[in-house]
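These are the residues of each chain, in order.
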Amino acid sequence: MANVIFKNITKTFDDVTAVEDFSLEVKDKEFLVLLGPSGCGKTTTMRIVAGLEQANSGKVLIDNNDVTGLAPKERDIAMVFQSYALYPHMTVFQNIEYPLKIKNIPKEKRRDQVNKTVQKVQLEGLLKRLPKQLSGGQQQRVALARAIIRNPKVFLMDEPLSNLDAKLRVEMRAKLKNLQNELGITTIYVTHDQVEAMTLADRVVIMNNAKISQVSSPKEIYNNPKNLFVAGFVGSPPMNFMQGEIKNNKFFNNYISEDNIQISDRNSVILGVRPEDINVAQEGNIKGEVYSFELTGDSTYVTVKLGDDLIIAKTESDYKTSIGSPIALSLNKNKIYFFDTKSENRIIE
Amino acid sequence: MWKNNFKKPIVFLSIVFALIYTLFPFLYMVSVSFKVKKEIFAMPPKYFNFDPTLTHYWFTFFNQIPFFKFMINSFIITSVSTIFALILGTLAGYSLARFRYPGTLKYHLAFWILSTRMMPPIVVVIPLFLFFSYFNLVNTKLALIIAYTAFNIPFVTWMMRSFFLDIPKELEESAMVDGDTRMGSFRRIILPLAKPGLAATSIFCLILSWNEFLFAVILTETEISNTVTFAIALGVSQYQANWGYMAASATISVIPIIIFAFIVQKHLVRGLSFGAMKG
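### Quick notes on the overall build of chain B
- A count of helices and strands for chain B gives 13 helices and zero strands.
- What you see in chain B, going N to C, is helices and strands ordered as α-α-α-α-α-α-α-α-α-α-α-α-α.
- Its C-alpha atoms give chain B principal-axis dimensions of roughly 70 × 70 × 30 Å.
- Residue burial in chain B is summarised as follows: out of 279 residues, 34% are buried.
- Here the contacts in chain B between residues at least 6 apart in sequence split such that 77% fall between residues at least 24 apart.

What follows is the structure, given as structure tokens:
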């Protein structure tokens, strides 16, 4: 239906730069997730697409039309807010009907369309209630219905699931993905929850300090992080980092030494390795002591103390140990990453 | 338990005291309006055990003072100025609650608007008189409408600003994304939610304008523009004070405000917009 193009968008609030030189193309029918810590500029970026904020410089194109200076209503977009923003004085029916009513669509047609939309999100029988008489999940679905009733060019979703409880969130996540696929509407989705981002997205945009850190598929983001920030932000528990030195194809610090590193000599590098790529064994080249261990059901996370560093390793759920006992670790050689200490970019040679 | 057993009577007694304190003068005014002159001055005062008379009401409506005309003047001046002040103040309050202003301008603007209410009205009454006489507006209803509107705007602005701040701004943002204009979302979404605020504010404005006396005395001269407060004050003359007349006319003048308060009473109960946003 429509693509969205950002061309060098910059937005500042007084002295604070919220978005800096943001350029990106969201493809037609794509589910794009903006992921980042709070204050990274992801919500501002979305609000610029909606027309609720005006960028200081740069352009936004929807369906190849420049919409930079246009009012929100002229952009043919729909948005779901974190708070749902249901109109409290209107019934569910009136809420969902509102976008059509403004367009002066005849009453009969409005009713038909509301009924059709309501079926898609399973809200039948609740049409006469006021928003405050609904549960959180129901309110969320009303907001969704109000967004999809118009068949907009672009969907914008600002952390729509963050007010739901954990179980409902998983349920709605699947529902959202399914609905987006069915409707085939280009979607931009903002979240700080990496699980949501990884599960929903066709592509993830990771933002940090007003800038894009990396744009890739979820798999690529996880397996090939471009820099220290992305590597540390995605994954739970997060990637382990250890500072050290590389000399003669060997990485080493006080506790670890790894041979056969295909990187030229450097005085200061950061080694990164994910918990699942660390093997826990009786014998291994890294020796430490157990700091704590947590059973999560299908696996156990062991926190190991190496000097001043704490390293988390993932192992089987039936692994037994006790706090303070000695432990040995070995790293999966194919799955370790090196980052430059200064630029924090990944070193690939 | 201790808390509950003691709290209830204390709260109850406080309310009774507050009611007596505020309602006694009102009750006394009404009772005086039904007493003959001798009983008005009776010592000890007679609160209920007197022979009611309608003389003063008769006098109010059918002597030389065109009391009805004054009532109508007050009606026009109060309602028009309240409507003007509500329109201008509501828009100003919305602007202060929602829009971005450069630097600290918003704070200064809001404070400046409020500061116009900080001086005693008598300070401005002479300049206002000169100003109105320059434009030939002395002794017109328009003069009082302008003066009361100006006096009510800061109040409306601040009241409505705080009501608008209570309404989440996502609501009108959502409305605008849904295809509405800024004004449309203001009219269809924000104003209905601010109804309790509008009701409360309009009552205050009405009372303030209806009861105003100083400007009314100085800016008006004849029955073309004289207000009901002026009419009540006519009971005091060089040689006597006609308490019966003043009590009767004051009692009548209170009635419209009470009626209006009853009409908007149900809107005064806030809470419609609360709790609807959270999941």
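### Some words on the confidence of the model for chain A
- Averaged over every residue, the pLDDT of chain A is 91; residues scoring 70 or more account for 100%.
- Mean pLDDT values for the elements of chain A range from 84 in strand S13 (residues 257–258) of chain A up to 95 in strand S3 (residues 31–35) of chain A.

### Details of the pairing of S3 of chain A
Residue and element names in this part refer to chain A.
- For S3, a buried count of five out of five residues is recorded, marking the element as mostly surrounded by other parts of the structure.
- Residues Phe-31, Val-33 and Leu-35 of S3 are buried on one face, and the alternating residues Leu-32 and Leu-34, pointing to the opposite face, are buried as well.
- Sheet topology places S3 next to strand S8 (residues 186–191); five bridges connect them, and they run parallel. Looking across to S8, one finds that Val-33 is bridged to Tyr-189.
- One ladder, built from four bridges, connects S3 with strand S9 (residues 203–208); its direction is parallel. Note on S9: the bridge partner recorded for Val-33 is Val-204.

### Re helix H6 (residues 121–134) of chain B
Residues and elements named next belong to chain B.
- Taking 1.5 Å per residue, 14 residues should reach 20 Å; H6 reaches 20 Å between its end C-alpha atoms and fits that length.
- Maximum bend of H6: about 25 degrees, positioned at Pro-127.
- Phi turns positive, to about 60 degrees, at Asn-136, one or two residues after H6.

### Examining the nonpolar core
- In terms of nonpolar packing, the biggest core is built from 119 residues, with Val-33, Val-49, Leu-156 and Ile-188 of chain A touching the most fellow members.
- For Val-33 of chain A, the residues in contact, after removing those within four places along its chain, are Tyr-189, Thr-191, Ala-197, Leu-200, Ala-201, Val-204 and Val-205 of chain A.
- Counting residues in each nonpolar core, the second largest holds 27 residues, with Phe-70, Leu-137, Ala-216 and Phe-230 of chain B among its members.

### Concerning the pairing of strand S1 (residues 4–13) of chain A
All names here are of chain A.
- Bridge count for S1 against strand S4 (residues 57–62) is five bridges, and the pairing is antiparallel. By the bridge assignment for S4, Ile-5 is matched with Leu-61.
- Taking the residues that link successive antiparallel strands as the turn, the S1-strand S2 (residues 16–26) hairpin has two residues, and the phi of Asp-14 there is positive, at about 50 degrees.

### Digging into the interface of chain B and chain A
- Listed per partner, the contact involves 21 residues of chain B and 25 residues of chain A.
- Elements represented by at least two residues in the side of chain B that touches chain A include exactly helix H8 (170–177) and helix H9 (182–193) of chain B.
- For the side of chain B that touches chain A, the element with the highest residue contribution is H8 of chain B, accounting for six residues.
- Here the side of chain B that touches chain A is composed, by residue class, of 10 nonpolar, seven polar and four charged.

### Some remarks on the environment of Ser-74 of chain B
All names here are of chain B.
- Mapped onto the elements, Ser-74 comes out in helix H4 (residues 67–98).
- When the C-alpha positions of Ser-74 and Lys-141 are compared, they lie 8.9 Å apart, and in sequence the two are 67 residues distant.
- Not counting residues up to four positions away in its chain, the partners in contact with Ser-74 are Trp-210, Thr-227 and Val-228.

Each value, and the rule that gives it
Residues numbered from 1 in each chain as written. Chains lettered and ligands numbered in written order. Predicted model: local features only at pLDDT ≥ 70, side-chain atom pairs only at ≥ 80, totals over all residues. Helix = DSSP H or I, 4+ residues; strand = E, 2+ residues; numbered from the N terminus. Buried ≥ 20, exposed ≤ 12 C-beta atoms within 10 Å, placed from the backbone. Contact = placed C-beta atoms within 7 Å. pLDDT = per-residue confidence, 0-100. Pairing = 2+ DSSP bridges. Expected span 1.5 Å × (residues − 1). Bend = angle between axes of the 7 residues up to and from the residue. Core = buried A, V, L, I, M, F, W, Y, C linked by C-beta atoms within 7 Å. Nonpolar A, V, L, I, M, F, W, Y, C, P; charged D, E, K, R; others polar.

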